[in-house]
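Notes for the structure review
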Amino acid sequence: MMEFFLDPNRCIGCQSCVAACSECDTHRGHSMIHLQYVERPISVQTVPVVCMHCDSPTCAEVCPADAIKRTGDGVVQTARKPRCIACNNCVLACPFGVPKMQTELSLMMKCDMCYDRTSVGLKPMCASVCPSGALYFGTREEIEQLRPRSEPINTFQFGRQTITTKVHMMVPRDAGVQHVDVLSAMNEDPVARMDVFDEIDA
Amino acid sequence: MATLPRDPDALTNVWGPHLHRMEGSSVDTGAEPDKIVPTHCCFCGQQCGINLKVKDNLVIGFEPRYDFPFNKGMLCPKGVKRYLQGGHPDRLTSALQRDPKADGGFSSIPYDVAIARVASEIERIQSTHGPNAFGVLSGASLTSEKAYLMGKFARVCLKTKYIDYNGRLCMVSAGAANKKAFGIDRCANPWDDILNAEVVVIAGSNTAECSPITTNYVWQARENGGKVIVVDPRITPIARTADLFLPVKPGRDVALFNGILHLMIENDWLDHEFIENHTVGFDAVAEHVQQWTPQKTAQVTGIAEKSIRAAAELWGTAKTSFLMHARGIEHHSHGVENCLSTINIVLASGRIGRPYCAYGTVVGQGNGQGGREHGQKADQLPGWRDIMNPAHREYVAGVWGVRPEELPEAGVDCYEMMRKIDAGEIKGLLSICFNPKVSLPDNDFVTRALEKLEFFTVIDFFLSETAQHADVVLPGSLHEEDEGVVCQVEGRVIKINKAVDPPGDAKQDWRVIQDIARALGRPHGFTFDSPRAIFDELRVASKGGVADYFGITYERIEAQNGVFWPCPSDDHPGTPRLFEAGSWNPIAKGAGPFYFPDGKARFNVAAYRPPAEDVDEEYPVILTTGRVVSQFLSGTQTRRIGPLVDQYPEPLVEIHPKLAQKHGIAEGDWTTVESRRGNITLRAQVVTTIRPDTIFIPYHWPGRKAANQLTIAAQDPISKIPEYKVCAVRVRKELPVAGSQLPGTAGNRQPGTGNS
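First, a word on scope: everything that follows refers to the structure included in this document. Quick caveat, the model's predicted, so the values are computed rather than measured.

Analysis parameters
Residues numbered from 1 in each chain as written. Chains lettered and ligands numbered in written order. Predicted model: local features only at pLDDT ≥ 70, side-chain atom pairs only at ≥ 80, totals over all residues. Heavy atoms only, no water. Helix = DSSP H or I, 4+ residues; strand = E, 2+ residues; numbered from the N terminus. Buried < 20%, exposed > 50% of the residue type's maximum accessible area, 1.4 Å probe, protein only. Contact = heavy atoms within 4.5 Å. Areas by Shrake-Rupley, 256 points an atom, 1.4 Å probe, with all protein chains shown as cover. Buried area = accessible area lost by both parts, 1.4 Å probe. Salt bridge = Lys/Arg side-chain N within 4 Å of Asp/Glu carboxyl O. Polar contact = N/O pair within 3.5 Å; in protein donor to acceptor, adjacent residues only side chain to side chain. Nonpolar A, V, L, I, M, F, W, Y, C, P; charged D, E, K, R; others polar. Pairing = 2+ DSSP bridges. Axes fitted to C-alpha atoms, helices over the stretch in contact; angles between N-to-C directions. Core = buried A, V, L, I, M, F, W, Y, C linked by side-chain atoms within 4.5 Å.

Of regular secondary structure, chain A possesses seven helices and eight strands. Scored against the burial criterion, the 202 residues of chain A give a buried share of 52%. For chain A, restricting intrachain contacts to residue pairs at least 6 apart in sequence, the fraction spanning at least 24 positions comes to 55%. Surface exposure of chain A reaches about 9100 Å², of which carbon and sulfur atoms provide 53%.

On the chain A side, the residues contacting the 70 residues of chain B number 56 residues. Between chain B and chain A lies a buried interface of about 5200 Å² when both sides are counted; carbon and sulfur atoms form 53% of it. Counting the surface chain B buries against chain A, the share from its top three residues, Y66(B), E223(B) and R240(B), is 14%. Taking the shortest distance from any N to any O, the salt bridge between R117(A) and E63(B) comes out at 2.6 Å. Linking chain B with chain A are 26 residue pairs in polar contact (both at pLDDT 80 or more). Mapped onto the side of chain B that touches chain A, the elements with two or more residues apiece are β3 (58-64), α2 (77-81), α7 (214-223), α11 (294-301), α12 (305-317), α23 (657-662) and β26 (679-686) of chain B. Of the residues that constitute the side of chain B that touches chain A, the class distribution is 32 nonpolar, 23 polar and 15 charged.

This part takes up the pattern of salt bridges. Residue and element names in this part refer to chain B. Counted by the stated rule, this structure contains 58 salt bridges over all chains. When the shortest N-O distance is used, the salt bridge between K452 and D422 registers 2.7 Å. With K452 in the loop between α18 (443-451) and β17 (455-460) and D422 in helix α16 (residues 414-422), this residue pair connects regions lying 30 residues apart in the sequence. Residue D422 is classed as partly exposed on the basis of its relative accessible area of 27%. When the shortest N-O distance is used, the salt bridge between R677 and E613 registers 2.9 Å. With a gap of 64 residues between them, R677 in the loop between β25 (670-674) and β26 and E613 in the loop between β22 (601-602) and β23 (621-626) connect regions that are remote in the sequence. Here R677 and E613 have matching classes, each one buried.

As a further point, take the sheet that holds strand β8 (residues 199-203) of chain B. All names here are of chain B. Here five strands make up an open sheet; going across it, the order is β10-β9-β8-β12-β13 and the pairing parallel. Two strands lie at the open edges of the sheet, namely β10 (244-246) and β13 (357-361), each paired on one side alone. Within this sheet the neighbouring strands show an average axis-to-axis angle of 10 degrees, counted without direction. In this sheet, strand β9 (residues 227-231) lies alongside β8 in parallel orientation, the contact comprising five bridges. Looking at β9, one finds that A203 is bridged to V231. The strands touched by α12 are β8, β9, β10 and β12 (321-325); relative to β10, the strand with the most contacts, the crossing angle is about 125 degrees.

All names here are of chain B. Of note, the amide linkage connecting G16 to P17 takes the cis form, showing an omega dihedral of 15 degrees. Here P17 lies in the loop between α1 (8-15) and β1 (35-40). With omega at -5 degrees, the peptide bond leading from W565 into P566 counts as cis. Assignment of secondary structure puts P566 in the loop between β21 (563-564) and β22. A positive phi is found at D56, a non-glycine position, where the angle reads about 50 degrees. Considering the arrangement of structural elements, one finds D56 in the loop between β2 (49-55) and β3. When its relative accessible area of 59% is taken as the criterion, D56 is described as exposed.

The next thing to look at is the nonpolar core. If you look at the biggest cluster of nonpolar residues, it comprises 114 residues, and the most contacted ones within it are F182(B), I516(B) and W565(B). No other element matches the eight residues that helix α14 (residues 335-349) of chain B contributes to this core. Look past the residues within four positions of F182(B) in its chain and what remains in contact with it is I343(B), L347(B), I352(B), Y359(B), F579(B), F594(B), Y595(B), F596(B) and A601(B). Membership of the second largest hydrophobic core comes to 63 residues, among which are C14(A), W191(B), F322(B) and I641(B).

Right under this line is the structure:
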């Protein structure tokens, strides 16, 4: 079975997924992916967010119009156009911040895991193009073989709410924090530091 | 007369850049394409496979090309949105002549009239001032067929020695170093050799933004247990999780690699057997690096001594490795030495010519490799032959049907050509696939030189900032409007397939060149009827040279998903990995794996020199320049693609908070950066991911947003590459003056996010 794996550790922030999502035939011109810097002043770390396709989708649970459906194989879909009242409940409630309100269409749109592609055996657009492998679509055997340093998880805790999802997040097996810093890697020698800092600190 | 016909705003209003976005059939989700054409991306040297969707002679979108082994469907955002250059409102569909009375400074003229005018001006200039008074500028984004034809056109048709190409701004330092050390200029290994390398060294390569597909190879090497060492003054996305990050002070790379070699020798982390049997010159290099103690290396490079020691140990004790570098160490007035210093640590380790034992430069342009092999370079003939070598001249003259003495001698690099234009020596110029007004350092000088041309003609598909200076513009072809081969980063020759016909009067570039030759009354050798016919002659012209393409055919490229050169015969499989025992080598002829008569590689002493313009009290900050992921080179294409512009609309100046605070600069503030050559005012992006003594500006923009207003035209004495990566500047916070508008205030964006 092909599954979707998110591996933010690999993300390079190139926005290829965002660009490709807006090329998907069912919602051309609208990207369903969020890609943001975590804190650009101190790091280039970026995180791509696609719909996690919850087993009990909060977005659907809070929808007063019953517009959000989950397919038999667990894909949570964009709101049904005839039902959606553009109330924004789902946008506010989703713990991952996924749904987007397209005000010009009065419609909530979100990632449906490229249902048109996956249903005919193709990979989703974003996971096809991602040049870093941060978005990956394949079997569990493949991901375990390819990424021994990480393990897939699909249970998330938001306050008292426990959520299980169809999409998996790759997390490091060795959970040591990696943070690279320019200053800590620079030469400590006061002679060499002089032209760097004396001028600047003055 | 090559001054601008109108002011830049008037030119921009008519010719762009305008932003092209999804419209018409490209947003019609029900539109079924007429055909899907498997080809490659038009941008960088990775040359990702891509399928283009075509409807009604327009490229309307893309589909991932999963079957191409290098990228398996992966693309960066430039590849995803590349289709928007087709059907673009700025596309040149007729010939233009300079016309100051026209709204946009140019008026359309019939194609034949334009060709006749170009020919008569070439004739006039050359008959008055001699053949060398007319020069040719060419480019490494052209297919190899076109690059080959440009070299032949300059030497055989125009009989001028002055031809050079924009690869001069790109890979020439690596090329020169590779020739000195290995006798051949090509990445030594296929990219699969990254996957199981114990150590991957990435020096001066913003891999994630400039060669994004390589990222997946590097990450996979880590999954397989490899360690990644990144050498860069900035924490780029590939450096973010590096096992070892070496924040080198710009311009000090030689010192770092000499320091690593010093530690390799001190700890006997050497492959003595390899050094003894397969190399020449180790002792001189060993003696030279004695002075590069860890302490001195740390002082000069600004990298912590413990990190230098850790890097040397990781490198020294590894069993396998892949060392790659890019413009970060190549764009220097000592770019060749920088590359040689990295090659020295590769040779000392003995890790080359075997699986997962690898070295190579990450080429920048789409045909960055192939474009430097077949004769559009000032000193070169096809097959990596030397224009000053009598035997080489004789062979190529024979293929071209001319006498060897008719071939001109070596010319000069493209920047020297600008100086010769300035000096009045070159009076006429034909330029294709090159936007020197944006891409060459010290823009101001380049503009003044262009203005002095008596006659300037440009072949292009959009009116680039350089083409705005032209007397006559000839409408050429986009990537998807022609076929031909290119050689990508690994040395794999691949095939670009034609998807659509050129619109209006636009013609495939090789047809334009041949039309000029015919109008000059010199059609001999310029009567090809197809790129395939040009390629067949290129194969013969390269035969027996180091870059031997003779065994490569369009059919074999398709059947094998590309063929790695050298490939000297029909039954030769191609050469994915260089320097393997017993591999074909026309120079060593069995004496050894390297391309010298004795088959041995050369160590070269790489002496440290500081940058041409070091910082001082007046200009105390280092400026370094580079690229962002959503733009490409001088932006002629990518600044016209809406979604790519949205992603990073304006250049920002990246500055460390320590330096920013000193000048009272906060995130998003207008900041003026000034060098001895010019100044620029941009918004600041205040980040701790850059050395505090260095600022960074990306170079894709023209005019008052051009980073190359500031850069210095200092060049490497061997490769002639300009020193884009280091010059001295000062910075200050720019205070708004009442009533004045700072540049770029229209189209406000949240600065510093880089996100749309």
